[in-house]
Amino acid sequence: MLLAVRCLLGAAEGPLFSLKTMYVKDRFTDVELGRPNAVSSMGVSLGTAVGMPLITLLIVHSDWATSFHALGALNALLGIPLVLLFIRPLSAGNRGSDRDHAQDRDADRKPEDAPIPSDRHPRGFGILLLTLVRALRTPRLGWILLIEVATLAFLWGTASWLPSYLLQARHFSAAQTGGLAALPFTVSLGSGLLGGLFIDRVPQRHLPLVLVVGSAGAGACATLAVSATSATVSATALILADGFWGLQRPAIPTLVQRHAPAGSVGSA
């Protein structure tokens, strides 16, 4: 049952990253992608920051099954209404404006990456194949994919490993663990917004600097957290590691949105 639930969760959650990237791309120009990407990425940090102490509290005062039921109820009562209330398709006028922006962005791309005329649209499996081929033409896609894998591994690894590490290796109490485990993700909220503001204010060629600083800082702080003998130093390093992680998070979708061929942002 647990494996089936995890599969359903992955099937529902997996497309959200691509959908979010496409949603931002359709509504903002290239010079203002950093901030909306930062805000939309804040949901991961915010949910984890709230969920850590909440789940710890439920497990301590009830049992693990109650935590599953509580999370399911929260998604049903909050998530679905929020999507229905705030996610809207573009109007015809906005679509025209967005097409103009897309044409400006794609002016310097290769002819084969230009939007497909309406009378030449493939159908069925051909659409999937063409979209995949275009996505694979994204410049330096392999490096972007590697950074995304490392970023998500750090996120989900921290979320699953941190509570046990604080309890068993650093001997914090269960009550302390919930709050301490939430602190790194709380800090990443602010650092993510800072990263988005920086992205929108620097030339595109300087965008990789955000990834370099964020990755190097997160790696150095995580190493310090594991090797430190002091519990205080270890907790502080973990908080700073997530701060650096949050700093680089908006840069990844921004790279894809700026460089993926037209019509393949979600697949890239």
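Quick caveat: nothing in here was measured; it's all calculated off a predicted structure. (Residues numbered from 1 in each chain as written. Predicted model: local features only at pLDDT ≥ 70, side-chain atom pairs only at ≥ 80, totals over all residues. Heavy atoms only, no water.)

Draft legend 1. Spatial organisation of the packing of helix H7 (residues 174–201) against helix H9 (residues 231–248). Interhelical geometry of H7 versus H9 gives an angle of 30° and a closest axis separation of 7 Å. When the axes of H7 and H9 are compared, the pair comes out roughly parallel. At the point where H7 passes H9, the crossing takes the right-handed sense. Of the residues in H9, those touching H7 at Leu 183, Pro 184, Phe 185, Val 187, Ser 188, Ser 191, Gly 192, Leu 194 and Gly 195 are Leu 238, Ile 239, Asp 242, Gly 243, Trp 245, Gly 246 and Leu 247. (Axes fitted to C-alpha atoms, helices over the stretch in contact; angles between N-to-C directions. Helix = DSSP H or I, 4+ residues; strand = E, 2+ residues; numbered from the N terminus. Parallel < 35°, antiparallel > 145°, perpendicular 65-115°, else oblique. Left-handed = near helix turned anticlockwise from the far one by under 90°. Contact = heavy atoms within 4.5 Å.)

Draft legend 2. Just the pattern of salt bridges, in detail. All chains considered together, the criterion is met by 2 salt bridges. Measuring nitrogen to oxygen at the nearest pair gives 2.8 Å for the salt bridge that ties Asp 200 to Arg 35. Of this pair, Asp 200 sits in helix H7 while Arg 35 sits in helix H2 (residues 34–61); the two residues are 165 residues apart in sequence, bridging distant segments of the chain. Notably, a salt bridge pairs Arg 249 with Glu 148, separated by 3.4 Å at the nearest N-O pair. Pair noted here: Arg 249 is in the loop between H9 and helix H10 (251–259) and Glu 148 is in helix H6 (residues 141–169), with a separation of 101 residues, a long-range link. (Salt bridge = Lys/Arg side-chain N within 4 Å of Asp/Glu carboxyl O.)

Draft legend 3. The arrangement of the packing of H2 against H6 in detail. Contact geometry for H2 and H6: axes closest at 12 Å, N-to-C directions at 10°. By the angle class used here, H2 and H6 are roughly parallel. Of the residues in H6, those in contact with Val 44, Thr 48 and Met 52 of H2 are Leu 155, Trp 156, Thr 158, Ala 159 and Pro 163. Classifying every residue of the contact of H2 with H6 by side-chain character gives 6 nonpolar, 2 polar and no charged. (Nonpolar A, V, L, I, M, F, W, Y, C, P; charged D, E, K, R; others polar.)

Draft legend 4. Inspection of the nonpolar core at higher detail. Core analysis: the biggest nonpolar cluster contains 16 residues, and Met 52, Leu 162, Leu 166, Phe 185 and Leu 238 have the highest contact counts within it. Secondary-structure elements contributing two or more residues to this core are H2, H6, H7 and H9. The greatest single-element share of this core, amounting to 6 residues, is contributed by H6. Those residues in contact with Leu 166 that lie beyond four places of it in its chain are His 171, Phe 172, Thr 177, Leu 180, Ala 181 and Leu 238. If you look at the next biggest cluster of nonpolar residues, it comprises 12 residues, including Ile 144, Leu 207, Val 210 and Val 256. (Core = buried A, V, L, I, M, F, W, Y, C linked by side-chain atoms within 4.5 Å. Buried < 20%, exposed > 50% of the residue type's maximum accessible area, 1.4 Å probe, protein only.)

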